[in-house]
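So you can see what is in the structure, the chains are spelled out below.
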Amino acid sequence: MIDRLATIGRGTFDILASLGRSSEFLVRSLIAVPRPATGLPLLVKQIYAVGVLSLAIIVVSGLFIGMVLGLQGYNILTDYGSEQAIGQMVALTLVRELGPVVTALLFAGRAGSALTAEIGLMKATEQLSSMEMMGVDPLRRVIAPRFWAGFITMPLLAMIFSVVGIWGGMLVGVDWLGVFEGSYWANMQSSVDFGEDVLNGVIKSIVFGFVCTWIAVYQGYDSVPTSEGISSATTKTVVYSSLAVLGLDFILTAVMFGDI
Amino acid sequence: MRQRTMEIVVGAFVLAGCGALLFLALQVSGLTPQAAEPTYKVYANFNDVGGLAVRGQVSMAGVTIGRVTGIKLDPKTYQARVEMEINKSAEIIPTDSSAIIRTAGLLGEKYVDVSVGADQSYMKDGDTFYGTQSALNIERLISNFASGK
Amino acid sequence: MTSESTFIDIQNLVFLRGERRIFDGLSLQIPRGKVTAIMGPSGTGKTTLLKLIGGQLRPESGRITVDGICVHKLRRSALYDLRKRMGMLFQSGALFSDISTYENVAFPLRVHTKLPEDMIRDIVLMKLEAVGLRGARDLMPSELSGGMTRRVALARSIALDPELIMYDEPFTGQDPIAKGVLVEMISKLNRSMGLTSVLVSHDVPESLSICDYACIVSNGQVIGAGTPEELQDNPSERVQQFLQGKPDGPVPFHYPAEPIAEDLAGGAQR
Ligand SMILES: Nc1ncnc2c1ncn2[C@@H]1O[C@H](COP(=O)(O)OP(=O)(O)OP(=O)(O)O)[C@@H](O)[C@H]1O
Ligand SMILES: [Mg+2]
């Protein structure tokens, strides 16, 4: 009994400790902004690695999700004879929910895991140590550019996802199922509000970008420098990021759209 | 990859993201660039606004001329007082026009339709519609019909 | 040894890894401008000692001063400034795997100096030439062999011409020619620029041939120290065992464990 209590206690302290460590880590890498002359090329390189290389999966997934939304929406809406509302349905679903959330989930799997593995491997091969010994702070040189790249990239990817999805919905709804194109757009425009829907979606993806990148770089930085350590850190990145995204999405949705 | 190529690709990526935002703003949410068109306020008192919401459209002959900006209960008359902002370009509503709450489609959104009158003078900022027609409440219609009233 | 000629001064160092005492009251002075070899059995904590000197690890108790500055009491920024005066060759090389050999050597120059590009190029090529790898400048670290990696790392750690350089096993994985060149290079660097060098190595003959002082660390303590000649004449059985590489003797070859007979007998119950 006391044994079990001790285990629970120790587990709680472990969680608190890692929360504390990761917060300290976050603050230190946020204030460690590199000088623009050296920092900007590093940031560009990371935006390339994190953002541009994730573009293919984002565009393809966005297209398919938009097409599925178009099909399903059409099937449901024809029952009420209001299949012109398909544009509204596709756009609202994407802009408010699926754009930010699915992008964040894909980001965690594609870019987050890569970040963790890369940083973990740099740690395991003592690259971070040797940087420290050269008098260069790895938080400034390695972590900060990756963090900002993820943070900047996520909203861009989410918006691209939504646009591609809306286009995919139109492909199915208008070109295939024969909804009138004018009503596809008109219905959308009359029901989607820029501040309420689009901006809230963007805010969501900014929050997700922050959390996913934080988790990814911290897991890499804190990983045990062995192959098992890195593989478990990568797994943790994907699992924690996905859970965090889904949980935060509920909270954000409740705050943003809850009081109708 | 060479630094320069990478910079160009990243630049294109950021531009694509901004383009996406622009598309979402203009094409998807129908935000017009000259959003700051001057407006004037008019009011209408309804017995029942049943489902009309703030930000709902105000239209005349099917053309959107403004938006609903506020709905509140008038404590004296127990009526709903709806505040609307109408574009200055549509400052041609005859004073004897009436405001009607209609539904877009069978289950669509409620909007305010201005039924044009014949008067020579036009409504000004702060005026109230002379005549109104409240929302058609399907449920109430059905229950009235069922109970034979 | 007078105090102003001491560059690194380690007093009563205690350091723990978990429950294990890696260092238990170790004291060591490293003189300025000389080559000091640190030898000892594998796993006694030689790498750990270098990391303690570089301020990457904190001692449990005791103090480490480098050029009169107490390393583990420094604030982060002061520590980073101190490290700019140190070079360290990691046991694994630790090259940055995402940039080329040339860029690896140029890295410390780019970060810490504002030299123009052509001057950086000259320095990098000179350093690479010194380790015999000028022709390998465009290779990525993954395309280098283990020995080449080590030599590029060496070129990188001397790029800034530090005051102190710590070599963690520079000779492992080098063929006899490269080994000879490295031995030559280490002593030349030391004589010409007045560097203080700390050389961690298992290669007894090579180390003793270039060092001015040597010390043998075992079981968390210094068991023998002095000039190479003094060490050769050291009467201690443990020192002699290590220098001559005899398997049996007081220096344990094994990681601490219960006697093997007990362990094997105990295996039946597990
Ligand atoms: N990160 C770590 N966590 C726990 N123990 C460690 C860690 N790193 C090293 N050790 C332990 O510290 C001891 C000293 O390690 P160190 O790497 O300093 O040995 P070394 O003297 O450099 O050996 P070698 O000559 O083989 O390189 C080892 O016995 C090892 O078990
Ligand atoms: Mg070692």
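Analysis parameters
Residues numbered from 1 in each chain as written. Chains lettered and ligands numbered in written order. Predicted model: local features only at pLDDT ≥ 70, side-chain atom pairs only at ≥ 80, totals over all residues. Heavy atoms only, no water. Contact = heavy atoms within 4.5 Å. Buried area = accessible area lost by both parts, 1.4 Å probe. Salt bridge = Lys/Arg side-chain N within 4 Å of Asp/Glu carboxyl O. Polar contact = N/O pair within 3.5 Å; in protein donor to acceptor, adjacent residues only side chain to side chain. Helix = DSSP H or I, 4+ residues; strand = E, 2+ residues; numbered from the N terminus. Nonpolar A, V, L, I, M, F, W, Y, C, P; charged D, E, K, R; others polar. Patch = residues over 30% accessible without salt bridge, like charges linked within 9 Å, V, L, I, M, F, W, Y side chains within 5 Å. Areas by Shrake-Rupley, 256 points an atom, 1.4 Å probe, with all protein chains shown as cover. Donors = N, O, S within 2.8 Å, 3.2 Å for Na, K, Ca; no water. Buried < 20%, exposed > 50% of the residue type's maximum accessible area, 1.4 Å probe, protein only. Phe/Tyr/Trp six-rings, centres within 6.5 Å; stacked < 30°, edge-to-face > 60°. Lys NZ or Arg CZ within 6 Å of the ring centre and 35° of its normal.

1. Re the interface of chain A and chain C
Part 1: Listed per partner, the contact involves 17 residues of chain A and 23 residues of chain C.
Part 2: Across the chain A to chain C interface the summed buried area is about 1900 Å²; carbon plus sulfur atoms make up 53%.
Part 3: For the interface between chain A and chain C, the tally reads 2 salt bridges.
Part 4: Here Asp98(C) ties to Lys45(A) by a salt bridge, and the two come within 3.4 Å at their closest N and O atoms.
Part 5: Summed over the shared surface of chain A and chain C, the number is 12 residue pairs in polar contact (both at pLDDT 80 or more).
Part 6: Residue assignment for the side of chain A that touches chain C shows that the elements contributing at least two residues are helix 5 (127–133) and helix 6 (138–176) of chain A.
Part 7: With 6 residues, the top contributor of residues to the side of chain A that touches chain C is helix 5 of chain A.
Part 8: Among the residues forming the side of chain A that touches chain C, the class breakdown is 5 nonpolar, 5 polar and 7 charged.

2. Looking at a nonpolar patch on the surface
Part 1: A cluster of nonpolar residues, Leu136(B), Ile138(B), Leu141(B) and Ile142(B), forms a patch on the protein surface that exposes about 400 Å² of accessible area.
Part 2: Mapped onto the fold, Leu141(B) is located in helix 2 (residues 138–146).

3. Observations regarding the coordination of the magnesium ion (ligand 2)
Residue and element names in this part refer to chain C.
Part 1: Taken together, the protein donors to the magnesium ion (ligand 2) comprise Thr-47 (OG1) and Gln-91 (OE1), at separations of 1.9 to 2.3 Å. Here Thr-47 is found in helix 1 (residues 46–53), whereas its partner Gln-91 is found in the loop between strand 6 (86–89) and helix 3 (101–112), with 44 residues between them in sequence.
Part 2: Here Thr-47 falls in the partly exposed class, since its relative accessible area comes to 22%.
Part 3: Here Gln-91 falls in the partly exposed class, since its relative accessible area comes to 34%.

4. Section: the interface of chain B and chain A
Part 1: Contacts between the two partners involve 26 residues from chain B and, on the opposite side, 29 residues from chain A.
Part 2: Of the roughly 2400 Å² buried between chain B and chain A on both sides combined, carbon and sulfur atoms contribute 79%.
Part 3: In terms of surface lost to chain A, no three residues of chain B exceed Phe13(B), Leu24(B) and Val28(B), which account for 26% of the buried area on that side.
Part 4: For the pair chain B and chain A, the number of links is 0 salt bridges.

5. Some remarks on the packing of aromatic side chains
Part 1: Applying the stated rule across the entire model yields 11 aromatic pairs over all chains.
Part 2: With centroids separated by 5.9 Å and ring planes inclined at 85 degrees, the aromatic side chains of Phe147(A) and Trp148(A) adopt a geometry described as edge-to-face.
Part 3: When its relative accessible area of 28% is taken as the criterion, Trp148(A) is described as partly exposed.
Part 4: Taking the centre distance of 6.4 Å and the plane angle of 15 degrees together, the rings of Phe147(A) and Phe151(A) count as stacked. Separated by 4 residues within a single helix, Phe147(A) and Phe151(A) lie in helix 6, roughly one turn from each other.
Part 5: Note on Phe151(A): relative accessible area 25%, which makes it partly exposed.
Part 6: An aromatic cluster of at least three residues, connected via ring pairs, comprises Phe147(A), Trp148(A), Phe151(A), Phe210(A) and Trp214(A).
Part 7: A cation sits over an aromatic face here: Arg83(C) above Tyr80(C), 5.2 Å from the ring centre.

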